Amino acid sequence: MIFPVAHYLWLAALICVRCLLINSICISQVKRILLIFISECREVENIKKPFSPPREVHVQVTHSMPPPKVDLFKSLDDWAEKNILVHLKDVEKCWQASDYLPDPASEGFEEQVKELRERSKEIPDDYFVVLVGDMITEEALPTYQTMLNTLDGVRDETGASLTSWAVWTRAWTAEENRHGDLLNKYLYLSGRVDMRQIEKTIQYLIGSGMDPRTENSPYLGFIYTSFQERATFISHGNTARLAKEHGDMKLAQICGTIAADEKRHETAYTKIVEKLFEIDPNDTVLALADMMRKKISMPAHLMYDGQDDNLFENFSAVAQRLGVYTAKDYADILEFLVARWNVEKLTGLSGEGHKAQDYVCGLAPRIRRLEERAQGRAKQASTAPFSWIFGREILL
Amino acid sequence: MAAVSATCVRFGTSLNQSTKLNQIAGTSTSLKPVAVGWARRGFPSLRTSHFRISCAAKPETVQKVCDIVRKQLALPAETELTPASKFSELGADSLDTVEIVMELEEAFSISVEEESSQNISSVQEAADLIDKLVQKKSEA
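The structure presented is a predicted model; accordingly, all values stated were derived computationally and were not measured. (Residues numbered from 1 in each chain as written. Chains lettered and ligands numbered in written order. Predicted model: local features only at pLDDT ≥ 70, side-chain atom pairs only at ≥ 80, totals over all residues. Heavy atoms only, no water.)

## What about the overall build of chain B?
- A tally of helices and strands in chain B yields seven helices and zero strands.
- In chain B, the order of α-helices and β-strands from amino to carboxyl end is α-α-α-α-α-α-α.
- Looking at chain B as a whole, 36% of its 140 residues are labelled buried.
- Partitioning the intrachain contacts of chain B with sequence separation of at least 6 by distance along the chain shows that 61% fall at a separation of at least 24. (Helix = DSSP H or I, 4+ residues; strand = E, 2+ residues; numbered from the N terminus. Buried < 20%, exposed > 50% of the residue type's maximum accessible area, 1.4 Å probe, protein only. Contact = heavy atoms within 4.5 Å.)

## Some details on the UniProt feature "domain: Carrier" (unreviewed entry) in chain B
- Residues annotated in UniProt with the feature "domain: Carrier" (unreviewed entry) correspond here to residues 59-134 of chain B.
- Secondary structure content for residues 59-134 of chain B is 59% helix and 0% strand, while the C-alpha to C-alpha distance between its ends is 14 Å. (UniProt positions renumbered as here; feature names shortened; annotations may be inferred.)

## Section: the pattern of salt bridges
All names here are of chain A.
- All told, the structure shown has 29 salt bridges over all chains when counted by the stated rule.
- A salt bridge links Glu175 to Arg264, with the shortest nitrogen-to-oxygen separation between them at 2.8 Å. Of this pair, Glu175 sits in helix H7 (residues 164-190) while Arg264 sits in helix H10 (residues 249-279), and the two are 89 residues apart along the sequence. For the residue pair Glu175 and Arg264, the accessibility class agrees, reading buried in each case.
- Measuring nitrogen to oxygen at the nearest pair gives 3.0 Å for the salt bridge that ties Lys294 to Asp290. Of this pair, Lys294 and Asp290 both sit in helix H11 (residues 281-294), separated by four residues, roughly a single helical turn.
- Accessibility expressed as a relative area gives 27% for Asp290, which makes it partly exposed.
- Here the salt bridges do not stand alone but share partners, grouping Glu175, Arg178, Asp261 and Arg264 into one network. (Salt bridge = Lys/Arg side-chain N within 4 Å of Asp/Glu carboxyl O.)

## As for the nonpolar core
- With 114 residues, the main nonpolar core has Phe222, Phe386 and Trp388 of chain A as its most contacted residues.
- The residues contacting Phe222 of chain A, other than those within four sequence positions of it, are Phe73, Leu148, Leu151, Val154, Trp165, Tyr269, Ile272 and Val273 of chain A.
- With 25 residues, the next largest nonpolar core counts Leu75, Leu90, Ala92 and Ile100 of chain B among its residues. (Core = buried A, V, L, I, M, F, W, Y, C linked by side-chain atoms within 4.5 Å.)

## Quick notes on the packing of aromatic side chains
- Inspection of the entire model under this criterion finds 14 aromatic pairs over all chains.
- Ring geometry for Tyr127 of chain A versus Phe128 of chain A: centroids 6.2 Å apart, planes at 85°, classification edge-to-face. Pair check on accessibility: Tyr127 of chain A and Phe128 of chain A agree, each one buried.
- Here a set of aromatic residues connected by ring pairs shows up, and it is made of Phe73, Trp165, Trp168, Trp172, Tyr219, Phe222 and Tyr269 of chain A.
- It is Arg230 of chain A that lies over the ring of Phe336 of chain A; its NZ or CZ is 3.6 Å from the centre.
- Lys64 of chain B extends its terminal NZ or CZ atom over the ring of Phe108 of chain B, reaching a point 4.7 Å from the ring centre. (Phe/Tyr/Trp six-rings, centres within 6.5 Å; stacked < 30°, edge-to-face > 60°. Lys NZ or Arg CZ within 6 Å of the ring centre and 35° of its normal.)

## Describing the pairing of strand E4 (residues 392-395) of chain A
Residue and element names in this part refer to chain A.
- Of the strand pairs in this sheet, strand E3 (residues 383-386) and E4 are connected by four bridges, and their pairing is antiparallel. Paired with Ala384 across the bridge in E4 is Ile394.
- Between E3 and E4, which follow one another and run antiparallel, lie five residues, and Phe390 among them has a positive phi close to 65°. (Pairing = 2+ DSSP bridges.)

## A few points about unusual backbone geometry
Residues and elements named next belong to chain A.
- Even without a glycine there, the phi angle at Glu215 is positive, about 50°.
- Looking at the secondary structure, you find Glu215 in the loop between helix H8 (195-208) and helix H9 (218-245).
- You will see that Asn342, though not glycine, has its phi angle at about 50°, which is positive.
- Following the sequence through the fold, Asn342 ends up in the loop between helix H13 (327-340) and helix H14 (351-375).
- On the accessibility criterion, Asn342 (43% relative accessible area) is partly exposed.

Rendered as structure tokens:
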């Protein structure tokens, strides 16, 4: 799934005056810089009254795609059926959470749980913080299905619409649903985390929703999802690798399986955008530049656990430190997509289109340079407690 | 609507500057004893915040900042660039602003702290902060 992976947006910009009051938790300057840029943390308002989840403060723009374009997507319904739905997997052939968890109906259940818990003991707290953040992101799936259904021309009008787009959205949601289920059950059985705090965080997050600033436009929407799916693919791939390093092969398999789903979804979404570049290169490149300027916001950036006003920032910092998802990854994804969609070779662009093309093609190197320079600075060590692991402190 | 907001922005900027001027004016009397101190001790330790605020950025600093900003934002020669110019008004996005601050750090061999960087939104603010940091550095 796209969003789940904590989109630990890293690159930060020393942005001039935003609403966010990032409180006194001292993350190193470098980390703060990196986080803020892409994370949009800055654009979130921390309401002054205590114990409130953050909310979006940017003006929420709607329906920026002109109505004639809506017909374009209707006319692509056949194409979508033949080219996009093929990336869905038949339910009968799909893995289910039970395939990767102790079987409660078997004699060996308790033994299997014991083994699971033994392996989990060897995994450090900071890894669990990142895994929990990922799981919470996955569990906020209602928000993402909603987001897809805000898009003009492709939304599921009834909840059971038979357009290819609607079929895709529901099936995609169903596939993603397994991710949160699997991670939830694993974390529950592991005994390493405070499930109640996690459950609370999920409830807050679904209640908060998110505005990815896709403005009801499928151009913006599918560019966003392309980016996100790749991001989750990378992130889950990293948690799989780390789980292996910590000796938990089953967890590695779990994360790897989820990553494989994400890859398949990435293929589908990037194909849609590739088609849009083919039939409408100018507006598509403008859309790409627009999303990159607004920065790809993280699906779980409004996360809140009832205690920590900087929860997302802290979580992202840990994800960056562990190498699960970093500023470099953000740049890499952008570069990948620019290549995948052949943005450099686009022709027939307007003046604005050329500017957008230049911006997009030049952006990844700029981000990398920024990240390199930021890395080269001395970092102050700081920690933060995470309620997800019973208030224990984690190095940021 | 646009006209109104532009006016507001300008007003805000001049208010800022006049505040700074007030602070300068307000502390002018306190400069005398310090001046005496200079004669005795050579370069004074610039520890009082009053003194720091009263030092408006040197023209060379402002010029250097302008050059860097102009280059970063690829501003055409006709574009007017004054100390009061706000980066956002010049078309800088957040990435541009970070890059500008990093260029300034390299050009002046200083390090900008997170808290200070939040206040850099115009050429003047950048120049003021730079001079402050350069002075601090030379004291150390």
